[in-house]
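Secondary and tertiary structure notes
These are the residues of each chain, in order.
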Amino acid sequence: MKPLRSFFALFCITAATCTALPDSGEIRTGFALLDLDKDQRITAEEWAQHSFALFKVADLNDDQQLAAPEIEFDSDTENTFVRADANHDGKLSVDEFMQLRRALFKIADINGGDFINNVEYTIFRLLQVTGWKDQNH
């Protein structure tokens, strides 16, 4: 389960800090996993389908909520978790999680085209790995 939880933390909660950048093969593989119809574009629907699948994998006790024991926290992921927890109950509901994922889609969709292309995905992944600063919080 640990690899799945790490995968979830990387894609669900933003900026995981790593020392090694993903290589082009890892980025292509990630893009291909999200591009369900293989049209070289990740649509909001494809993103949502993948997001819901991530939620289901991370929801270890199948209670339709993500609690701290189900997520590997570092300071960045914990901060994002707290901010995404709209009702401050210490858990992320499906709705709270999907709201966070929709916000991430909008961030990744740099040109506002309502889909994420290869370049946008690559930039998004690199920013996830290297971290980014939210200048205006």
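Conventions and cut-offs
Residues numbered from 1 in each chain as written. Predicted model: local features only at pLDDT ≥ 70, side-chain atom pairs only at ≥ 80, totals over all residues. Heavy atoms only, no water. Helix = DSSP H or I, 4+ residues; strand = E, 2+ residues; numbered from the N terminus. pLDDT = per-residue confidence, 0-100. Contact = heavy atoms within 4.5 Å. Axes fitted to C-alpha atoms, helices over the stretch in contact; angles between N-to-C directions. Left-handed = near helix turned anticlockwise from the far one by under 90°. Nonpolar A, V, L, I, M, F, W, Y, C, P; charged D, E, K, R; others polar. Buried < 20%, exposed > 50% of the residue type's maximum accessible area, 1.4 Å probe, protein only. Lys, Arg positive; Asp, Glu negative; His and termini not counted. Salt bridge = Lys/Arg side-chain N within 4 Å of Asp/Glu carboxyl O. Phe/Tyr/Trp six-rings, centres within 6.5 Å; stacked < 30°, edge-to-face > 60°. Core = buried A, V, L, I, M, F, W, Y, C linked by side-chain atoms within 4.5 Å.

Assignment of secondary structure puts phenylalanine 97 in helix α5 (residues 94-108). Along the chain, phenylalanine 97 and glutamine 65 lie 32 residues apart, while their C-alpha atoms are 8.8 Å from each other.

This part is about the confidence of the model for the protein. Per-residue confidence for the protein gives a mean pLDDT of 85, with 82% of residues at or over 70. pLDDT under 50 marks residues 12-18. Its contacts with residues more than four places away, or in other chains, come to 27 contacts.

Turning our eyes to something else, we now look at the packing of helix α2 (residues 24-34) against helix α6 (residues 118-130). When two helices pack together, their arrangement is given by the angle between the helix axes and the distance between those axes. Two elements in contact, α2 and α6, have axes separated by 10 Å at closest approach and are oriented at 115 degrees. As for the relative orientation of α2 and α6, their crossing is right-handed in sense. Residue-level contacts link Ile27, Gly30, Phe31 and Leu34 of α2 to Asn118, Tyr121, Thr122 and Leu126 of α6. For the contact of α2 with α6, the class distribution of residues is 5 nonpolar, 3 polar and no charged.

Before going further, it helps to examine the side chain of glutamate 120. Examined against the element boundaries, glutamate 120 turns out to sit in helix α6. The charged side chain of glutamate 120 is buried without a salt bridge, its nearest counter-charge being arginine 41 at 9.2 Å. With residues up to four places along the chain from it excluded, the contact list for glutamate 120 reads Ala108, Asp109, Ile110, Asn111 and Phe115.

Once that is clear, we can look at the packing of aromatic side chains. Under the definition given, this model contains 4 aromatic pairs. Residues phenylalanine 31 and tyrosine 121 carry aromatic rings whose centres are separated by 5.7 Å and whose planes lie at 70 degrees to one another, so their mutual orientation is edge-to-face. Taken together, the residues phenylalanine 31 in helix α2 and tyrosine 121 in helix α6 connect sequence positions 90 residues apart.

Counted by the stated rule, this structure contains 2 salt bridges. Among the ionic pairs, arginine 41 bridges to aspartate 39, the shortest N-O distance being 3.9 Å. Lysine 56 is paired through a salt bridge with aspartate 62; the nearest N and O atoms lie 3.4 Å apart. On the basis of relative accessible area, lysine 56 is assigned to the partly exposed category, the value being 35%. By relative accessible area, which is 53% here, aspartate 62 ends up exposed.

Here we take up the nonpolar core. In this structure, Ile42, Trp47, Leu66, Phe97, Ile116 and Tyr121 are the most contacted members of the largest nonpolar core, which totals 23 residues. A total of 7 residues in this core trace back to one element, the largest contributor, which is α5.

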